[in-house]
Amino acid sequence: MTKKMFGLGAAALLALGLAACGSDDKVDGKSTSGGDSSASVGASVDYKITGIDPGAGIMEATDRAIKDYELDKWDVTTGSGAAMTAALKKAYDAEKPIIVTGWTPHWKFAKFDLKYLEDPKGSFGGEEQIRTIGRLGLADDLPEAHQILSNFHWSEEDMGEVMVAIQEGEKEEVAAQNWIDANADKVAEWTDGVDKVDGDAIKLAYVAWDSEIASHNVMKLVLEEMGYKVTLTQVEAGPLWTAIADGSADASLAAWLPVTHETYANKFDGKFEELGINMEGVKIGLVVPQYMDIDSIEDLKE
């Protein structure tokens, strides 16, 4: 009896060994769930999309995509932008599958080889703009700041320099000051013809996206150089728009339109002023590592 049991055990071990050799947890350079090459993308990530804070417009767009593409099995986890990028890094380093809510500009596209999933139904919209918005009456109360904020415009490459420096451990204000020092000509365009003030207070509100941390720290230093006393307040998207609408914040460089913050722009229509576009060609959507064999949100139904 003992010999028979040993024989069965050996056979089982041999079978397991052969199975392990034949089903590595990477297939064609991509990872799959439980090492099964036939596993769907959904099964490989437990039908989970890793998101950010629940008040962000990109989360509303992701919920819309789940309905548009009838992804009934799928859930979107909420958290912070930092938690999302930490989960992405962990999965990427292990070459495991992961799907995250993503946007550009963002430093993760410089650090990792990523791609957007195609969105044929347009749930996330097309290219967007980051716009500067201000409270009503800002032009009368703080005309110099209003002019600087209206003039503010930079490129994805400019923002990327600040974002990557912060991500690599530089303090936010140091990274912002280094960029300003290296781009005095661009800053001069924002302040051209504007007189300095003497300690006037201004409050800027922003969301905790790496892109907005970069832009608002740069603008804080520019306005301080022009004589302003600047307060930065970090809030979620809903409170940001509310603060601009009720005047408890003066301005924000973080309005993603026409899609991401469309709900808030419509809700507070007539209660804020658009000061201008500070970046063009930005984008939101679902993002995966390049090594994943998936190209479209439609593929998530499989």
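Data block above holds the structure.
Let us look at the structure shown here. Values in this document were obtained by computation on a predicted structure and should not be read as measured data.

**Topic: the overall build of the protein**
Assigned secondary structure in the protein consists of 13 helices and 11 strands. Out of the 302 residues in the protein, the part that is buried amounts to 47%. Summarising the internal contacts of the protein: among those between residues at least 6 apart in sequence, 81% fall at separations of at least 24. When the accessible area of the protein is evaluated, it comes to approximately 14,300 Å², of which 49% is carbon and sulfur surface.

**Let's talk about the nonpolar core**
Nonpolar side chains tend toward joint burial in soluble globular proteins. Ranked by size, the top nonpolar core spans 91 residues in total, and within it Ile99, Trp154, Trp190, Met219, Trp241 and Leu300 carry the most contacts. With 8 residues, the single largest contributor to this core is strand β11 (residues 272-289). Ignoring anything within four residues of it in the chain, the contact list for Met219 reads Ile148, Leu149, Phe152, Trp190, Leu204 and Leu253.

**Concerning the environment of Lys73**
Tracing the backbone through its elements, the reader meets Lys73 in the loop between α3 (57-68) and β4 (75-77). For the pair Lys73 and Lys301, spaced 228 residues apart in sequence, the C-alpha to C-alpha distance is 8.8 Å.

**Re the side chain of His146**
Tracing the backbone through its elements, the reader meets His146 in helix α7 (residues 143-151). By relative accessible area, His146 is classed as buried at 14%. Among the polar contacts made by the side chain of His146, one reaches the side chain of Glu273 at a distance of 3.1 Å. For His146, the contacting residues outside a window of four places in its chain are Leu138, Ala139, Glu273 and Leu275.

**Here we look at the packing of aromatic side chains**
A complete count under the given rule lists 12 aromatic pairs for this structure. Ring centres 4.9 Å apart and planes at 45 degrees place the aromatic pair Tyr92 and Phe112 in the tilted group. One end of the pair, Tyr92, is in helix α4 (residues 81-93); the other, Phe112, is in the loop between α5 (108-111) and β6 (114-116), and 20 residues separate them in sequence. Residue Phe112 is classed as buried on the basis of its relative accessible area of 9%. Following the ring pairs from residue to residue traces out a cluster consisting of Tyr92, Trp107, Phe112 and Tyr291. Taking the ring centre of Trp103 as reference, the NZ or CZ of Lys108 above it sits at 4.4 Å. Of note, Lys121 hangs over the ring of Tyr69, and the distance from its end group to the ring centre comes to 5.6 Å.

**Describing helix α10 (residues 184-191)**
Residues of α10 that are buried: Val187, Trp190 and Thr191. Down the axis of α10, the buried set is contained in an arc of 90 degrees. They therefore lie on one face. Relative to its buried face, α10 has exposed residues pointing more than 90 degrees away, namely Asp185 and Glu189. For α10, the elements touching its buried residues are α7, α9 (172-182) and α11 (210-225). In the segment just after α10, Gly193 is the residue with positive phi, at about 80 degrees.

**Thoughts on α9**
Of the residues making up α9, those classed as buried are Ala175, Ala176, Trp179 and Ile180. Burial along α9 is one-sided: seen end-on, the buried residues are contained in an arc of 135 degrees. Residues of α9 that are exposed and point more than 90 degrees away from the buried face comprise Asp181 and Ala182. Check the buried side of α9 and you find it contacts α8 (156-167), α10 and α11.

**Overview of the packing of α7 against α11**
Contact pair α7 / α11: the axes reach a minimum separation of 11 Å and the direction vectors enclose 140 degrees. Taken together, the axis directions place α7 and α11 in an arrangement best described as oblique. By crossing handedness, the relation of α7 to α11 is classed as right-handed. Across the interface between the two elements, Ala145, Ile148 and Leu149 of α7 pack against Met219, Val222 and Leu223 of α11. Taken together, the residues that form the contact of α7 with α11 break down as 6 nonpolar, no polar and no charged.

Parameters at a glance
Residues numbered from 1 in each chain as written. Predicted model: local features only at pLDDT ≥ 70, side-chain atom pairs only at ≥ 80, totals over all residues. Heavy atoms only, no water. Helix = DSSP H or I, 4+ residues; strand = E, 2+ residues; numbered from the N terminus. Buried < 20%, exposed > 50% of the residue type's maximum accessible area, 1.4 Å probe, protein only. Contact = heavy atoms within 4.5 Å. Areas by Shrake-Rupley, 256 points an atom, 1.4 Å probe, with all protein chains shown as cover. Core = buried A, V, L, I, M, F, W, Y, C linked by side-chain atoms within 4.5 Å. Polar contact = N/O pair within 3.5 Å; in protein donor to acceptor, adjacent residues only side chain to side chain. Phe/Tyr/Trp six-rings, centres within 6.5 Å; stacked < 30°, edge-to-face > 60°. Lys NZ or Arg CZ within 6 Å of the ring centre and 35° of its normal. Arc of directions from axis to C-beta. Axes fitted to C-alpha atoms, helices over the stretch in contact; angles between N-to-C directions. Parallel < 35°, antiparallel > 145°, perpendicular 65-115°, else oblique. Left-handed = near helix turned anticlockwise from the far one by under 90°. Nonpolar A, V, L, I, M, F, W, Y, C, P; charged D, E, K, R; others polar.

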